[in-house]
Amino acid sequence: MSKVKVVFFASLKESIGQNEYVAELALPLSLGELKQQLANELDKGQALLEKGIQSSIDFEFARDADIVPESVHEVAFFPPVTGG
């Protein structure tokens, strides 16, 4: 198991009720699998399964089918529209 920093931004952070979480993961796994695991682990994690939630792996945009590698440092999730 690996410990991975998971970060939530904007309204997703408000929906889930925290800005980051350290997840214990059996890597590698797909980003979609990670979203499902977090949805089950976090009290309000179902927000991750809403349509349009975007993500990144180590600061690069990623899709649900992309693999979270064993060398990962951070995974981030954010809503489709994030102001800046």
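Going by the structure above, here's the rest.
Residues numbered from 1 in each chain as written. Predicted model: local features only at pLDDT ≥ 70, side-chain atom pairs only at ≥ 80, totals over all residues. Heavy atoms only, no water.

Enquirer: Outline unusual backbone geometry, listing residues and values.
Expert: Cis geometry is adopted by the peptide bond preceding Pro28, which originates at Leu27 and carries an omega value of -5 degrees. Following the sequence through the fold, Pro28 ends up in the loop between β2 (20–25) and β3 (29–30). Of note, the phi angle at Ala10 is positive, near 55 degrees, even though the residue is not glycine. Tracing the chain through its elements places Ala10 in helix α1 (residues 10–16). (Helix = DSSP H or I, 4+ residues; strand = E, 2+ residues; numbered from the N terminus.)

Enquirer: Go over the sheet that holds strand β4 (residues 54–57), please, and point to the residues and values.
Expert: Sheet architecture is open: five strands sit in the order β2-β1-β7-β4-β5, paired in mixed fashion. The open sheet has two edge strands, β2 and β5 (60–62), and neither has a second partner. Strand-to-strand twist in this sheet, taken as the mean axis angle between neighbours without regard to direction, amounts to 30 degrees. (Pairing = 2+ DSSP bridges. Axes fitted to C-alpha atoms, helices over the stretch in contact; angles between N-to-C directions.)

Enquirer: A description of the nonpolar core should follow, citing residues and the corresponding values.
Expert: In this structure, Leu34, Val68 and Phe77 are the most contacted members of the largest nonpolar core, which totals 22 residues. Discounting residues that sit within four places of it in the chain, Leu34 has contacts with Leu25, Leu29, Val68, Val75 and Phe77. (Core = buried A, V, L, I, M, F, W, Y, C linked by side-chain atoms within 4.5 Å. Buried < 20%, exposed > 50% of the residue type's maximum accessible area, 1.4 Å probe, protein only. Contact = heavy atoms within 4.5 Å.)

Enquirer: Describe the packing of aromatic side chains, naming the residues involved and giving the relevant values.
Expert: Centre distance and the angle of the planes are the two values used to describe a pair of aromatic rings. Counting across every chain of the model gives two aromatic pairs. Ring centres 5.8 Å apart and planes at 75 degrees place the aromatic pair Phe61 and Phe78 in the edge-to-face group. Separated by 17 residues along the polypeptide, Phe61 in strand β5 and Phe78 in strand β7 (residues 74–78) bring together distant segments of the chain. Residue classification places Phe61 among the exposed positions, given a relative accessible area of 67%. (Phe/Tyr/Trp six-rings, centres within 6.5 Å; stacked < 30°, edge-to-face > 60°.)

Enquirer: Please provide a residue-by-residue account of the pattern of salt bridges, values included.
Expert: Side-chain pairing between opposite charges can occur once the charged atoms of the two side chains come close. All chains considered together, the criterion is met by four salt bridges. Salt-bridge contacts for Lys3 lead to Glu24; the nearest nitrogen and oxygen are separated by 3.8 Å. Taken together, the residues Lys3 in strand β1 (residues 2–8) and Glu24 in strand β2 connect sequence positions 21 residues apart. Between Lys5 and Glu74 there is a salt bridge, with its nearest N and O atoms 3.7 Å apart. Taken as a pair, Lys5 in strand β1 and Glu74 in strand β7 lie far apart in primary sequence, 69 residues in all. Overall, the relative accessible area of 13% leaves Glu74 in the buried class. Salt bridges sharing partners connect three or more residues here, namely Lys5, Glu20 and Glu74. (Salt bridge = Lys/Arg side-chain N within 4 Å of Asp/Glu carboxyl O.)

Geometry only, nothing functional implied.
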